[in-house]
Amino acid sequence: MLIDDSGLIGGARDARVTADRSKTSLLIAKAIANRSADSAQGWTEIAETIAALAPDFVTLLRFMRREPALLRAYFAVEDRIAPLIAVCGPAERALARYARDLAANRAQPIVDLADDENLRVRLYELALIAGAADPPSLGDAADALGLRTPTGVAALAFLLLKTERASSLPQQIVGAWPRDRRRVFFWRYLALMFQRRLAPFNEPARHFGLVLDDKEKARVARLMMPGQFAAARRTGLQVLRYSVRRSPVTPLAWFSLSLTLPRLSRLISLESWTALARATLGTYAAGDFMARPRTVRLMTQRFGVDGVLHLYQHYGVRSLFEQSLENGARSTKKILKDFSARYPKILPPQVLETVGAFTVDRDTFVTLVNEYLTGRAAHADADIAEIMGAVLATPAPVMRSLLQCETGRRLMAALTQFKNKHDINLLRAVAFAEDAPAHPADMDGFLYELRNAFALELAIHAAQRDGRLVGKPTRRKLFESFFLREFQTDQLPVERLDSARQHLRARAVGRINAVLDLQAGAARLETEDLEALARDWRDPEPVVTLLARLSDPARRGGPSRDAAHLVLHAAKAAAQRKFMAFKFEDARAQRQLAFLSEAQRAIWRQPRALARVGEAQRPDNQARLDALTRGLRDGLTRLCDSEPAAPAPLTQELRAEMSELAREEIKANPIMVAERALAAHVPRDAFPACARACLLDIAAGLDDAVPGGFARRNAARMMRALARLGFPDAQNDDAFQEVIADLRAIEREIPKDMLDGEAISRGLVVTAFDCSPRLMLTIGDIVNTGCCLNYQSGGRINVLPAYLVDANIQALVSWRLKQSHFASLRDYKAVLGALLGGRPTGCAFDGDRLVFRFALPDGATVETQGLGFAHLRQIVRLGRVRYSLSLRPGLHAERAYAQPHPLQPLMHANHSEILRALASELQAVEGRALNFPASRNPDGVYCDALGGVQSGEYTVHP
């Protein structure tokens, strides 16, 4: 028999033993996740921590397979081995002793240690974990271990396959096994391939010399599917279509079996699955297959509401729902009601009635129905508490008591709109006064929790103060609908909200300090620091997120301990309102500005703000658009060459309609518009070929579009839709992604703000020259463009602290202000009127809160709300020039990061005016090579002009 880690094939196990192992495994996983990658003693410390948990050998072996270094670290100490051996069975005792010998480099030949061949194989696994060389072949390994029976050889073969040290089985060895041994190994092998989503070799039954009945053939086909789907993602659906046709079952049976895979939606998208069915079965047969009640039921179970909508849009327009439709258009709720009327056993009408009575929000409605369809709330026909419990992973009794009050119902309805599990965990802490599940090894989840914690804190503060909120529209919608309209202190006490906020902040501090302590740092983040930053900043989230990323052992390049501690010291200085002294008066900062006089230092430190009203102009981006168009054509050529040629029954009417659509501004989803246009002229199986032909037609006419005009932007949107329809099997290919990226870039180059006319009559532009800590931390994210210094996602965040602390670096940032940036229309008109009237208006900028403050001529003060993305930003560096016998200052403005906007020339004019005034006051030298001092950041500073990180002094030539 083939044995597993515990020496058993199956059978009952003590539930208490299983529970204890699960608890111990969780603690071991946490200990390993918190290991410091920089510490040479890291595994020694982890081994001591694990030994204190008294694990059994089976649990240890599972972790040694993932972390081979644990074997030598744990079994190097005799005191850990004796208690382990005392509670083991005979086989585990032999394994533990052999692990001890491997750790001490005195291991004996395996043949001399055991007569049982299964035990020899398990000993050999330990040798492989300890670093033994991979065997040249299965036969050589079997000879070295002295395996003579088919049982022993089969155990060895499975070990090598499981550890990916062998990819195939020699026919002569497998053929020598008895039939029953071949059959057992055959199913074990396919189960391994199924579990790991690997594609087994073709016709495995023939390879093992087995004859299967129809049920066994169906089982084989199902076990091979995950690997085949994974291979199709890499190489395209054509490969999968070939696999379906070579399957031991019919194509119809293959697709029916695929719908029994519980995780089918994770293996293949709904669109790809249906496209494969059409390509394999043919359009008519696929439509007939999709209309079968069993297919409908399984599709809705696997794909939820998406499955219903896809059937409606592509296969059930007439046969599944109703005979006549208004251009095929119906709301999602209407579609679900029609579906429920046709298939009440799949989606009972009472479920829709219950959900509809609970919420009128479309997204919430769809989410709750989806939970029922996918089977997570299968027994909740008329119980909203059961459905909500499935959504939020909460027991129904707890949910039922909460839903008894109106505020609780509103909160639960709002929670279901969050698709991310971390959002749900966060807000559950408010709803149920409990902590979200901890995932210490999941740094991405940790960061999501932190960001949402601060968004929640901001919303609570605004709800309790004046009701004004800033932030993403989805969050604003949620909090306005719940906190501002349904806030009832007698039903949801304010103390609970405050407690949840404080608890989330304390947890963020605790997690950061745990990582800093592992890096042997003396400084720690205190809750009081975040309290102070929350007082003075819009929110302290950037500090926590950046500290978490810089301290993350899993970050590319490893953790940056020095950079993390530099950010921590800067944050503490900002919390004490001493940041400017930290940036400019520190001894290292003084050395960076040693070539300036006291007066020049005061000038350089002084923040500046400028407001201007002027005519909007079309961005001068024609050269950029032409370059993007050329790249797009080249990409389309490569993409079309990779697609097999197919006849396109393209009519003149379809060409004309697509050309007209490409010139119009389409407010609906372009993909649905294009699908309807195609459906009116050609059969569905001709959609891809006709979409490709229309795509090339529109691309050929791009040169005729008005330069920089909206026709090119509208064409790009329609081309993006046609590309997705024309290349359904190539959407993961590099060529397809390049085409989509070029089309998106064309859309970005022609701003939406210009769609209302050729130019905006008047525009209010504000520019700030500033180095506030929060502004400098988020400088890579302040403009909606890609940047390697984005504190949330950038790849070079270890050099971001240089912008924060270096005394010779500041930033220029510009926004276009609109009415929505002010508390009222009256405030906006007051500022705009003063500037248009030529009356002097004082302007100041708060970089930590991202607000501008205007002092009007009548003595009144107007402040903007917190601003979002800027449209233009530049880094400004102060360098030195050897001039005669002295050192003189010089300014270097790096390349601008911009979001195209018709008022961009006005923003550039503001930047130039501030730089000219600053250069004049500093008596800066122009047109000479500038030398810059080394950064205070041990990891260096990024310089765009030199295209890389500078670790010491550096020079930029004009």
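Residues numbered from 1 in each chain as written. Predicted model: local features only at pLDDT ≥ 70, side-chain atom pairs only at ≥ 80, totals over all residues. Heavy atoms only, no water.

A.B. asks: Even after reading the chapter, I still don't get the overall build of the chain, so can you show me in this structure?
C.D. replies: A count of helical and extended segments in the chain gives 47 helices and 13 strands. For the chain, the residues scored as buried account for 52% of the 958 residues in total. Taking all contacts inside the chain whose residues are at least 6 apart in sequence as the whole, residues at least 24 apart take part in 70%. Carbon and sulfur atoms provide 49% of the accessible area of the chain, an area that totals close to 43400 Å². (Helix = DSSP H or I, 4+ residues; strand = E, 2+ residues; numbered from the N terminus. Buried < 20%, exposed > 50% of the residue type's maximum accessible area, 1.4 Å probe, protein only. Contact = heavy atoms within 4.5 Å. Areas by Shrake-Rupley, 256 points an atom, 1.4 Å probe, with all protein chains shown as cover.)

A.B. asks: Before we go on, may I ask you to explain the environment of E921 in this structure?
C.D. replies: Mapped onto the secondary structure, E921 falls in helix α47 (residues 904–922). Sequence separation between E921 and A599 is 322 residues, and the spatial gap between their C-alpha atoms is 9.6 Å. Residue contacts for E921: discarding those within four places in its chain leaves I603 and R608. Engagement of the side chain of E921 in a polar contact is seen with the side chain of R608, the distance being 2.8 Å. (Polar contact = N/O pair within 3.5 Å; in protein donor to acceptor, adjacent residues only side chain to side chain.)

A.B. asks: Help me out: how do you make sense of the packing of helix α38 (residues 622–641) against helix α43 (residues 734–749) in this one?
C.D. replies: In the contact formed by α38 and α43, the axes pass within 9 Å of each other and the chain directions differ by 155°. In this view, α38 runs roughly antiparallel relative to α43, as classed from their interaxial angle. Crossing geometry of α38 relative to α43 is assigned as left-handed. Every residue of α43 that contacts α38 at R624, L625, L628, T629, G631, L632, G635, L636, R638 and L639 is listed here: A735, F736, E738, V739, D742, L743, A745, I746 and E749. The class makeup of the residues in the contact of α38 with α43 is eleven nonpolar, three polar and five charged. (Axes fitted to C-alpha atoms, helices over the stretch in contact; angles between N-to-C directions. Parallel < 35°, antiparallel > 145°, perpendicular 65-115°, else oblique. Left-handed = near helix turned anticlockwise from the far one by under 90°. Nonpolar A, V, L, I, M, F, W, Y, C, P; charged D, E, K, R; others polar.)

A.B. asks: What's the story with the pairing of strand β3 (residues 809–817) in this structure? I'm lost.
C.D. replies: Remember that side chains alternate between the two faces of the sheet whenever the strand is regular. Most of β3 is tucked away, with nine of its nine residues classed as buried. Burial along β3 is two-sided: I809, A811, V813, W815 and L817 and Q810, L812, S814 and R816, pointing in opposite directions, are all buried. Pairing geometry for strand β2 (residues 763–770) and β3, over seven bridges, is antiparallel. Among the inter-strand pairings, F769 is bridged to a residue of β3, identified as L812. Two strands pair when backbone bridges link them, and β3 and strand β7 (residues 872–883) are joined in this way by six bridges, in the antiparallel orientation. In the sheet register, V813 faces β7, and the bridge partner there is R873. (Pairing = 2+ DSSP bridges.)

A.B. asks: I tried to follow the confidence of the model for the chain on my own but got confused; where do I start?
C.D. replies: Low-confidence regions, as indicated by low pLDDT, have predicted coordinates that should not be scrutinised in detail. Residues of the chain with pLDDT of at least 70 account for 75%, and the chain-wide mean is 75. Least confident of the elements in the chain is helix α21 (residues 317–321), whose mean pLDDT is 39; most confident is β3, at 94. For the stretch residues 316–330, pLDDT sits under 50, and the model shows 32 contacts to residues farther than four places along the chain or on other chains. Counted against residues more than four places away or in other chains, residues 418–452, with its pLDDT under 50, gives 74 contacts. (pLDDT = per-residue confidence, 0-100.)

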